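# A look at the structure
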Amino acid sequence: MKIGVLSFQGGVIEHINQIKALGHTPIEVNKASNLDNIDGIILPGGESTTIGKLLNITGLMNPLREKIKQGLPTWGTCAGMILLAKDIESQDESYLGILDVNVRRNAFGTQLDSFKSYKIIKEVSDNEIELVFIRAPIITKAGNNVKTLCKINDNIVAVKHKNILATSFHPELTNNTSFLEYFISSTMY
Ligand code: GLN
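Residues numbered from 1 in each chain as written. Predicted model: local features only at pLDDT ≥ 70, side-chain atom pairs only at ≥ 80, totals over all residues. Heavy atoms only, no water.

### Brief notes about the layout of surface pockets
We apply this condition: A pocket here means an open set of points on a 1 Å grid, computed over the protein atoms alone, that has protein on both sides within 12 Å along at least five of seven lines. A cavity is instead a set of points where a 1.4 Å probe fits but cannot get out; residues with an atom within 4 Å of a point line either one. Grid points are joined across faces, edges and corners, and a volume is the space filled by probe spheres set on the points.
In this structure, the largest pocket spans a volume of roughly 210 Å³. As for the largest pocket, its lining consists of 16 residues, and the residues nearest its centre are Gly45, Gly46, Cys78, Ile134 and His170.

### Describing the packing of aromatic side chains
Aromatic rings considered in pairs are described by the distance between their centres and by the relative angle of their planes. So the rule is basically this: Between the rings of Phe, Tyr and Trp (Trp by its six-membered ring), a pair exists once the centres lie within 6.5 Å; its type follows the angle of the planes, with under 30 degrees stacked, over 60 edge-to-face, and the other angles tilted. Runs of E in the DSSP output that reach at least two residues are strands. Runs of H or I that reach at least four are helices, and both are numbered from the N terminus. Only protein chains enter the area calculation, which uses a 1.4 Å probe; residues under 20% of their type maximum are buried, those over 50% are exposed, and those in between are partly exposed.
Scanning the model with the defined rule gives eight aromatic pairs in all. Ring centres 5.6 Å apart and planes at 65° place the aromatic pair Phe133 and Phe169 in the edge-to-face group. Of the two residues, Phe133 is situated in strand β8 (residues 129-134) and Phe169 in the loop between β12 (164-167) and α5 (178-187); the sequence distance between them amounts to 36 residues. Taken individually, Phe133 and Phe169 each receive the classification buried, so the pair is uniform in this respect. For the ring pair Phe169 and Phe179, a centre distance of 5.5 Å and an interplane angle of 80° mean the geometry is edge-to-face. Here the residue Phe169 occupies a position in the loop between β12 and α5, and Phe179 occupies one in helix α5, the gap between them amounting to ten residues. Taken individually, Phe169 and Phe179 each receive the classification buried, so the pair is uniform in this respect. Taken together through their ring pairs, the aromatic side chains of Trp75, Phe108, Phe115, Phe133, Phe169, Phe179, Tyr182 and Phe183 make up a single cluster.

What follows is the structure in structure tokens.
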């Protein structure tokens, strides 16, 4: 599989390394023509405002939105989840706006800026997975057809809807590739 990673800013190399570790081919995506050559795309963590601006400046926003609407398998981690969301709390505008969820940015507050948790997520793996949160968003509301995969203290932190997967946390910062395997097997085959 050729798996694109949106490569403007943020945790790009970590996703690229996990894609390679599974024997797939990573493709850095920073312009519209890159979209023609990929089987799926990962929108990494970083700063959603910055990545959103760069999507607009480079003209990638509209073609990327169209591709995702047409079914391109897409996984947003952290800022990537914010880019996908239809509604962002306290912001007038969304970015790609194609995943039927409301998100709250930096939802765990300054005292819990970054933390780890361990969970079994049945759909993904029978084993406990390390979940790394860094200034993470939560989903405050999810549409009826959006499937919740994981909650932390009643807050939704992972969802799936058709070809779109979104996580508040960063599986690419651990040495466990089961989330990437789940993304590939549940959306690309
Ligand atoms: N706090 C960042 C934002 O709001 C997301 C942080 C991350 O991607 N690790 O965009």
